[in-house]
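Summary of structural features
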Amino acid sequence: MKIGFIGLGIMGEPMARNILKKHDDAIFVFNRTRSKEAGLLAEGAGKVEDAADLARKSDIIITMVTRGRDVEELFSQIKGELKEGKTWVDMSTIEADISVSIARQVQQLGADFADAPVVKSRLIRCGTNRVDTPSLSMRTEMSYSFTSEVSQLCSGRFWSKIC
């Protein structure tokens, strides 16, 4: 399972580093400020040209950016790569209406979307599934039916790779 991580700021960089250290398959990284990728690339992360290239090469795309408009901008860049078999996990703490809108659009493209903000500041429903992972102080709302590969995202095995 190839993972792509977008957003290497204060929260994203250590999370991406832990996935890189603990994940057996490829991990690709991207940041708008490209110099923030250097440390992870030196440690073995895969280089990509842009956000769309990361989405193309990854089964799971994880985003951790600052604002809702940044998530909307990322969606416009990667939507051509979102299709069945792809999962987007947005860990940004953004406006609920933006998450709901993007979740619906991603689902229409055939991909899966999980809204997983790292702060328990809100709870939205994009689908019928709800998963609490209090060890990360986060809530996850899924817009898909669980598959064995995706349900791994919500298990301690996957999240322990981030923490």
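The shown structure was predicted, so the numbers you read here are calculated from the model rather than taken from an experiment. (Residues numbered from 1 in each chain as written. Predicted model: local features only at pLDDT ≥ 70, side-chain atom pairs only at ≥ 80, totals over all residues. Heavy atoms only, no water.)

**Some remarks on the nonpolar core**
Quick note on the threshold: For the purposes of this section, nonpolar cores are sets of buried Ala, Val, Leu, Ile, Met, Phe, Trp, Tyr and Cys residues that join through side-chain atoms within 4.5 Å. The buried label goes to any residue with under 20% of its type's maximum accessible area, the exposed label to any with over 50%, and the partly exposed label to all in between, with areas taken from a 1.4 Å probe on protein chains only. Helix and strand labels come from DSSP, where a helix needs a run of H or I of at least four residues and a strand needs a run of E of at least two; each type is numbered from the N terminus. Two residues qualify as a contact provided that any one of their heavy atoms is within 4.5 Å of a heavy atom in the partner residue.
The biggest cluster of nonpolar side chains holds 22 residues, and the ones touching the most others in it are Ile61, Leu82, Trp88, Ile102 and Val106. Going through the elements one at a time, β2 (27–30), α3 (51–57), α4 (68–78) and α5 (96–108) are the ones with two or more residues in this core. Sequence-distant contacts of Trp88, that is, excluding residues within four places in its chain, are made with Ile61, Thr63, Val71, Phe75, Ile78, Leu82, Ile102, Val106, Asp112, Phe113 and Ala114. Residues Ile3, Phe5, Leu8 and Met15 belong to the second largest nonpolar core, which totals 19 residues.

**With respect to the side chain of Glu37**
Going by this rule: In protein, a polar contact requires one atom able to donate a hydrogen and another able to accept it; more generally it is a pair of N or O atoms within 3.5 Å, and residues adjacent in sequence count only if both atoms are side-chain atoms.
Position of Glu37 among the secondary structure elements: in the loop between β2 and α2 (38–42). Of the polar contacts made by the side chain of Glu37, one reaches the backbone nitrogen of Asn31; its length is 3.0 Å. Not counting residues within four places of it along the chain, the set of residues in contact with Glu37 comprises Leu8, Val29, Phe30, Asn31 and Lys47.

**Some words on the layout of surface pockets**
Selection rule: Points on a 1 Å grid over protein atoms alone make up a cavity when a 1.4 Å probe fits among them but cannot get out, and a pocket when they form an open set with protein on both sides within 12 Å along at least five of seven lines; lining residues each have an atom within 4 Å of a point. Grid points are joined across faces, edges and corners, and a volume is the space filled by probe spheres set on the points. Classification used: nonpolar for Ala, Val, Leu, Ile, Met, Phe, Trp, Tyr, Cys and Pro, charged for Asp, Glu, Lys and Arg, polar for all others including Gly.
Estimated volume of the largest pocket: approximately 350 Å³. As for the largest pocket, its lining consists of 19 residues, of which Gly7, Asn31, Met64, Val65 and Thr66 are closest to the centre. Top contributing element to the lining of the largest pocket by residue count: α4, with four residues. Of the residues contributing to the lining of the largest pocket, the split by class is eight nonpolar, seven polar and four charged.

**Things to note about the packing of α4 against α5**
Selection criterion: Axis definition: a line fitted to C-alpha atoms, limited for helices to the stretch in contact. Angles are taken between N-to-C directions and run from 0 to 180 degrees. By definition in this entry, angles of less than 35 degrees are roughly parallel, angles greater than 145 are roughly antiparallel, angles of 65 to 115 are roughly perpendicular, and the rest are oblique. By convention, the crossing between two helices is left-handed when the near helix turns anticlockwise from the far helix through less than a right angle, and right-handed when the turn is clockwise.
Between α4 and α5, the shortest axis-to-axis distance is 10 Å and the interhelical angle comes to 10 degrees. Between α4 and α5, the crossing angle belongs to the class labelled roughly parallel. Of the two elements, α4 crosses α5, and the hand of that crossing is left-handed. Residues Gly68, Arg69, Val71, Glu72 and Phe75 of α4 lie in contact with α5, whose contacting residues are Ile98, Ile102, Gln105 and Val106. Partitioning the contact of α4 with α5 into residue classes produces five nonpolar, two polar and two charged.

The values reported here are purely geometric and, on their own, carry no functional implication.
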